[in-house]
There are 2 protein chains.
Amino acid sequence: MIRWIQYGVIAGVACLAGAAGLTFALAAPPVGTTAAVEFTPDGKLKKPDGYRNWVSVGAVVTPNDLNDGEAAFPEFHSVYMDPESFAHYEKTGEFRDGTVMIKELIGVGAKEATSGKGYFMGDFRGLEASIKDSKRFKDEPGSWAYFSFGHKYPLKAEATKQAAASCNACHPTSVTRRRQQRM
Amino acid sequence: MIRWIQYGVIAGVACLAGAAGLTFALAAPPVGTTAAVEFTPDGKLKKPDGYRNWVSVGAVVTPNDLNDGEAAFPEFHSVYMDPESFAHYEKTGEFRDGTVMIKELIGVGAKEATSGKGYFMGDFRGLEASIKDSKRFKDEPGSWAYFSFGHKYPLKAEATKQAAASCNACHPTSVTRRRQQRM
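Calculation criteria
Numbering of residues starts from 1 in each chain and follows the order in which that chain's sequence is written. Going through the entries in the order they are written, you letter the chains from A and number the ligands from 1. For a predicted model such as this one, the threshold for reporting local features is a pLDDT of at least 70, and the threshold for listing and counting side-chain atom pairs is 80 or more; totals across whole chains, interfaces and linings nevertheless cover every residue. The side-chain quantities take in all heavy atoms of the structure and omit both hydrogens and water. Counting from the N terminus, the helices are DSSP H or I runs at least four residues long and the strands are E runs at least two residues long. To sort residues, take the accessible area from a 1.4 Å probe on protein chains only and compare it with the maximum for the residue type: under 20% means buried, over 50% means exposed, and anything in between is partly exposed. The pairing criterion is simple: DSSP has to find at least two bridges between the two strands. The copies were overlaid with a least-squares fit restricted to C-alpha atoms from residues scoring a pLDDT of at least 70 in each copy. Contact criterion: two residues are considered in contact whenever any of their non-hydrogen atoms come within 4.5 Å of each other. One speaks of a salt bridge when a side-chain nitrogen belonging to Lys or Arg is within 4 Å of a carboxyl oxygen belonging to Asp or Glu. Here pLDDT means the predictor's own confidence in every residue, given as a number from 0 to 100. Two parts placed together each lose some accessible area; with a 1.4 Å probe, that loss summed over both constitutes the buried area. Counted as a polar contact is a pair of N or O atoms within 3.5 Å, where, for protein atoms, one must be capable of donating a hydrogen and the other of accepting one, and residues adjacent in sequence contribute only when both atoms are in side chains. Working note: the arc is built from the helix axis to C-beta atom directions. Aromatic rings from Phe, Tyr and Trp, taking only the six-membered ring of Trp, are treated as a pair when their centres fall within 6.5 Å; an angle between ring planes under 30 degrees marks them as stacked, one over 60 as edge-to-face, and anything in between as tilted. Two conditions define a charge sitting above a ring: the NZ of Lys or the CZ of Arg must be within 6 Å of the ring centre, and it must be within 35 degrees of the ring normal.

1. Some details on the environment of Ile106(B)
Within the secondary structure, Ile106(B) sits in strand β4 (residues 100–113). Along the chain, Ile106(B) and Glu75(B) lie 31 residues apart, while their C-alpha atoms are 5.4 Å from each other.

Listed below in structure tokens is the structure:
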């Protein structure tokens with residue numbers, strides 16, 4: 001059961017692509033603790049590779065036809081975690097420093113098959129990531145940062161960090177959750 | 001895209017649990033080529049372990065509310081393949097001898113979240129497997145055999161092979177597909 005818990009907390013929905021106007025230090029990029037992905041010298045996240053072989057932590061579907069045609073993500077959200085961080089999470093219930101979660105957006109390809117009516121995965125539509133890194137993202141709530149490689153193909157090769165405030169509206173971390181509880 | 005192709009062909013829907021009256025040779029169990037799972041001496045499949053760390057090949061949801069309350073599988077079907085067989089499939093487009101696919105049935109846990117209305121995974125409900133093994137299942141269409149560990153918890157520790165005919169109705173293999181085309 002533990003596998004799905006994290007999904008509700010961290011990966012329920014990510015920022016809308018391109019929502020942010022960002023600033024970060026070009027001159028002195030922080031050295032992070034994340035090993036599962038790579039950053040450019042100026043702090044952009046390179047599009048990860050091989051994540052489809054990581055640990056699948058769950059999938060949801062939020063189709064347009066259940067959201068008045070205006071779903072923020074009218075697709076399956078298929079979520080992966082890097083295997084070393086998942087092993088740590090499974091053992092401790094904690095997201096270790098360096099945890100990377102990937103959300104791949106996959107269109108609804110069909111609504112009926114031999115197994116009945118429902119929602120069936122179609123084509124790949126978008127890619128997003130959330131990363132916990134206490135060095136690189138020490139100023140972010142819970143040290144989590146959010147990235148989007150776009151919501152259509154071809155995906156961007158690099159992604160800048162999105163505005164934490166817009167992400168944390170849907171992705172409350174333990175820090176923001178504590179803040180919310182105090183309000 | 002290749003990732004989803006196999007799902008439609010092999011794993012769209014499995015046999016209903018307990019549909020079969022089976023016979024198999026107790027005295028001389030075949031020695032199979034499957035390494036990712038274990039069989040009992042009398043040919044039953046032991047409930048696999050660690051499959052949630054295998055390669056996720058996709059998920060679908062066929063909920064009761066879209067099937068007049070009578071879905072055969074009113075859940076998410078979350079499908080995994082053993083990593084070595086997936087690497088072979090990714091390279092060649094073929095299911096190698098020894099391929100194991102696992103279908104985990106996961107209930108609909110919620111229908112609304114911060115990301116909108118939809119279907120969100122809940123609790124684990126059932127477990128099934130399909131295995132291609134030209135030695136152990138040489139008499140089955142395409143050498144594929146189907147197993148169910150049940151559709152409620154606790155799952156069975158061992159599963160007997162199901163009747164191929166009932167499985168192949170929804171799981172046409174290349175062999176049965178060719179047969180169908182000839183009819």
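2. Describing the pairing of strand β2 (residues 55–61) of chain B
Two faces belong to every sheet, and in a regular strand the side chains alternate between them. In terms of burial, β2(B) is largely enclosed, as seven of its seven residues are buried. Two strands pair when backbone bridges link them, and strand β5 (residues 116–132) of chain A and β2(B) are joined in this way by two bridges, in the antiparallel orientation. Residue pairing in the sheet places Phe120(A) in a bridge with Val60(B) of β2(B). Note: β2(B) against strand β3 (residues 75–81) of chain B, six bridges, orientation antiparallel. Within the sheet, the bridge partner assigned to Ala59(B) lies in β3(B) and is Ser78(B).

3. Some thoughts on the relation of the copies chain B and chain A
For these two chains of identical sequence, chain B goes onto chain A by a turn of 180° and a shift of 0.0 Å along the axis, with RMSD 0.0 Å. When the rotation and shift are considered jointly, the pair of chain copies conforms to a two-fold rotation axis. Minimal C-alpha separation from the rotation axis in chain B is found for Ser56(B), amounting to 3.1 Å. Most of the interface of chain B is mirrored in chain A, where 100% of its interface residues again form contacts.

4. Here's the deal with the pattern of salt bridges
All names here are of chain B. In this structure the tally under the stated criterion is 16 salt bridges over all chains. Between Glu 38 and Lys 46 there is a salt bridge; the shortest N-O distance is 3.4 Å. When its relative accessible area of 52% is taken as the criterion, Glu 38 is described as exposed.

5. Things to note about the pairing of β5(A)
Residue and element names in this part refer to chain A. Where burial is concerned, most of β5 is hidden: 14 out of the 17 residues are buried. The pairing of strand β4 (residues 100–113) with β5 spans 11 bridges and is antiparallel. Bridged to Leu 105 within β5 is Gly 126. Of the strand pairs in this sheet, β5 and strand β6 (residues 144–148) are connected by five bridges, and their pairing is antiparallel.

6. Comments concerning the confidence of the model for chain A
Residue and element names in this part refer to chain A. Averaged over chain A, the pLDDT score is 81; the fraction of residues at 70 or greater is 76%. Considering only residues more than four positions removed or in separate chains, one finds that residues 1–28, a stretch of pLDDT under 50, has 82 contacts. Contacts for the low-pLDDT stretch residues 175–183, under 50 throughout, to residues beyond four places or in other chains number eight contacts. Reported confidence for the predicted complex is 0.79 by ipTM and 0.80 by pTM.

7. With respect to the interface of chain B and chain A
If you look at the interface, chain B gives 34 residues, while chain A gives 34 residues. Carbon and sulfur atoms make up 60% of the area that chain B and chain A hide from each other, which totals about 2,900 Å². For the pair chain B and chain A, the interface holds zero salt bridges. Joining chain B to chain A, the criterion identifies four residue pairs in polar contact (both at pLDDT 80 or more). Sort the elements by how many residues they give to the side of chain B that touches chain A and strand β5 (residues 116–132) of chain B lands first, with nine residues.

8. Here we look at helix α2 (residues 83–92) of chain B
Residues and elements named next belong to chain B. Residues Ser 85, Phe 86 and Tyr 89 constitute the buried set of α2. Projected onto a plane normal to the axis of α2, the buried residues spread over an arc of 100° and lie on a single side. One or two positions beyond α2, positive phi appears at Gly 93, with a value near 75°.

9. Describing the side chain of Lys161(B)
Residues and elements named next belong to chain B. Of note, Lys 161 is situated in the loop between β7 (158–159) and α3 (164–168). You can call Lys 161 buried: its relative accessible area is 19%. A distance of 2.5 Å separates a polar atom in the side chain of Lys 161 from a polar atom in the side chain of Glu 140.

10. With respect to the packing of aromatic side chains
Considering all chains together, one arrives at 15 aromatic pairs over all chains under this definition. Seen from their ring centres, Tyr119(A) and Tyr119(B) are 6.0 Å apart, and the 40° between their planes marks the pair as tilted. One end of the pair, Tyr119(A), is in strand β5; the other, Tyr119(B), is in strand β5, on a second chain. Under the relative-accessibility criterion, Tyr119(A) is labelled buried at 2%. Pairing Phe137(A) with Phe147(A) gives two aromatic rings, centres 5.9 Å apart and planes at 55°, and the pair type is tilted. Of the two residues, Phe137(A) is situated in the loop between β5 and β6 and Phe147(A) in strand β6; the sequence distance between them amounts to 10 residues. Counting every residue linked through ring pairs, the aromatic cluster contains Phe86(A), Tyr89(A), Phe95(A) and Trp144(A). Seen from the ring of Phe124(A), Arg52(A) lies directly overhead, with NZ or CZ sitting 3.7 Å from the centre. Its end group placed over the ring of Phe39(A), Arg136(A) keeps NZ or CZ at 3.7 Å from the ring centre.

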